[in-house]
Amino acid sequence: MGSQWLTLDVCSVAEVVSSLERPETVERVTEAVRPAVLRLAQRDYQRDPKTWQHADADLLIQALREVTALLSNGSQQIELHADEDETPELWDFIWSEWEPSDALQLPLSPHGVPAVTYKDSTSAARYAERFKALRARGGYARRKLAPTQLDALVAALDEAANAERGLFAYYEL
């Protein structure tokens, strides 16, 4: 089984929206995603009303990832192997709705990944407590999420909660 990755950026949706309104944000991202950052800024995208997908979702998610990386104090990347049955808390964190609801109304990838979710500071605190309880119970099998990776996830969630900023989580294969 290949690695899966969860990239965590501590910043808020309000910070992202504000950043997208500034021309220097476009200048600071890689050239490959600049058109997609402009589309994010203009909200020039749609999602299928039934599936919420769009053919350009992968590029839009990558563009958002670059913007949130600029706003965070450093991205945290976690190696994991999420499984609905063996890692239910992790699966729920990755695939749950944005909290609060998705202000950007981003489309989903037609390929399933990359995927992004957002947790505001209140939700981040709640998830941090869930993962701390999991850690106290012994965590997951090392091949699913190593203890150091669980610690990094908890630390990022705590930072998001304590800074009252929120957290973007990007899931990739």
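Owing to the predicted nature of the structure, the values given are computational and were not obtained by experimental measurement.

Novice: What exactly am I supposed to notice about the pattern of salt bridges here?
Specialist: Close approach of charged atoms lets side chains of opposite charge pair. Taken as a whole, this structure holds 13 salt bridges when the rule is applied. We note a salt bridge from Arg22 to Glu24, for which the minimum N-O separation is 3.3 Å. We note a salt bridge from Glu99 to Lys119, for which the minimum N-O separation is 3.7 Å. Placement of Glu99 in the loop between helix 5 (88–95) and strand 3 (115–119) and of Lys119 in strand 3 is noted, with a sequence separation of 20 residues between them. Summarising the burial analysis for this pair, Glu99 and Lys119 share the class buried.

Novice: Explanation requested: helix 7 (residues 147–162) in the structure shown.
Specialist: Because an α-helix completes one turn every 3.6 residues, residues spaced three or four positions apart along the sequence face the same direction. For helix 7, with 16 residues, the first-to-last C-alpha span of 22 Å sits near the 22 Å given by 1.5 Å per residue. Turning to helix 7, the residues buried within the fold contact strand 1 (4–10), strand 2 (76–80), helix 5, helix 6 (121–136) and strand 4 (167–172). Just past helix 7, the residue Glu164 takes up positive phi, approximately 55°.

Novice: What exactly am I supposed to notice about unusual backbone geometry here?
Specialist: Note on backbone geometry: most residues besides glycine have negative phi, and most peptide bonds are trans. Between Glu99 and the following residue, Pro100, the backbone shows a cis peptide bond with an omega angle of -5°. Locating Pro100 in the fold gives a position in the loop between helix 5 and strand 3. Cis geometry marks the peptide bond from Val113 to Pro114; its omega dihedral reads 5°. With respect to the helices, strands and loops of the structure, Pro114 is situated in the loop between helix 5 and strand 3. Phi at Arg43 takes a positive value of approximately 55°, unusual for a residue other than glycine. By secondary structure assignment, the location of Arg43 is in the loop between helix 3 (34–42) and helix 4 (57–71). Taking relative accessible area as the criterion, Arg43 reaches 40% and is therefore assigned partly exposed. A positive phi angle, close to 50°, is found at Gln105, a residue other than glycine.

Novice: Quick question: what am I supposed to make of the pairing of strand 4 here?
Specialist: In regular strands, side chains alternate between the two faces of the sheet. For strand 4, the buried fraction is high: 6 of the 6 residues fall into the buried class. A two-sided burial pattern is seen for strand 4, the buried positions comprising Leu167, Ala169 and Tyr171 on one face and Phe168, Tyr170 and Glu172 on the other. Sheet topology places strand 1 next to strand 4; 6 bridges connect them, and they run antiparallel. Bridge assignment links Leu6 to a residue of strand 4, and that residue is Tyr171. Direction of pairing for strand 3 relative to strand 4: antiparallel, over a ladder of 5 bridges. In the strand pairing of strand 4, Val116 is matched with Tyr170.

Novice: Explanation requested: the nonpolar core in the structure shown.
Specialist: The nonpolar side chains of a soluble globular protein tend to be buried, and buried together. Ranked by internal contacts, the top residues of the largest apolar core, which has 29 residues, are Leu6, Phe93 and Phe131. When residues of this core are traced back to their parent elements, those giving at least two are strand 1, strand 2, helix 5, helix 6, helix 7 and strand 4. Broken down by element, this core gets its largest block of residues, 8 residues, from helix 7. Not counting chain neighbours up to four residues away, the residues in contact with Phe93 comprise Leu6, Leu8, Thr117, Lys119, Tyr127, Phe131, Leu153, Leu157, Leu167 and Ala169.

Reading the values: rules and limits
Residues numbered from 1 in each chain as written. Predicted model: local features only at pLDDT ≥ 70, side-chain atom pairs only at ≥ 80, totals over all residues. Heavy atoms only, no water. Salt bridge = Lys/Arg side-chain N within 4 Å of Asp/Glu carboxyl O. Helix = DSSP H or I, 4+ residues; strand = E, 2+ residues; numbered from the N terminus. Buried < 20%, exposed > 50% of the residue type's maximum accessible area, 1.4 Å probe, protein only. Expected span 1.5 Å × (residues − 1). Contact = heavy atoms within 4.5 Å. Pairing = 2+ DSSP bridges. Core = buried A, V, L, I, M, F, W, Y, C linked by side-chain atoms within 4.5 Å.

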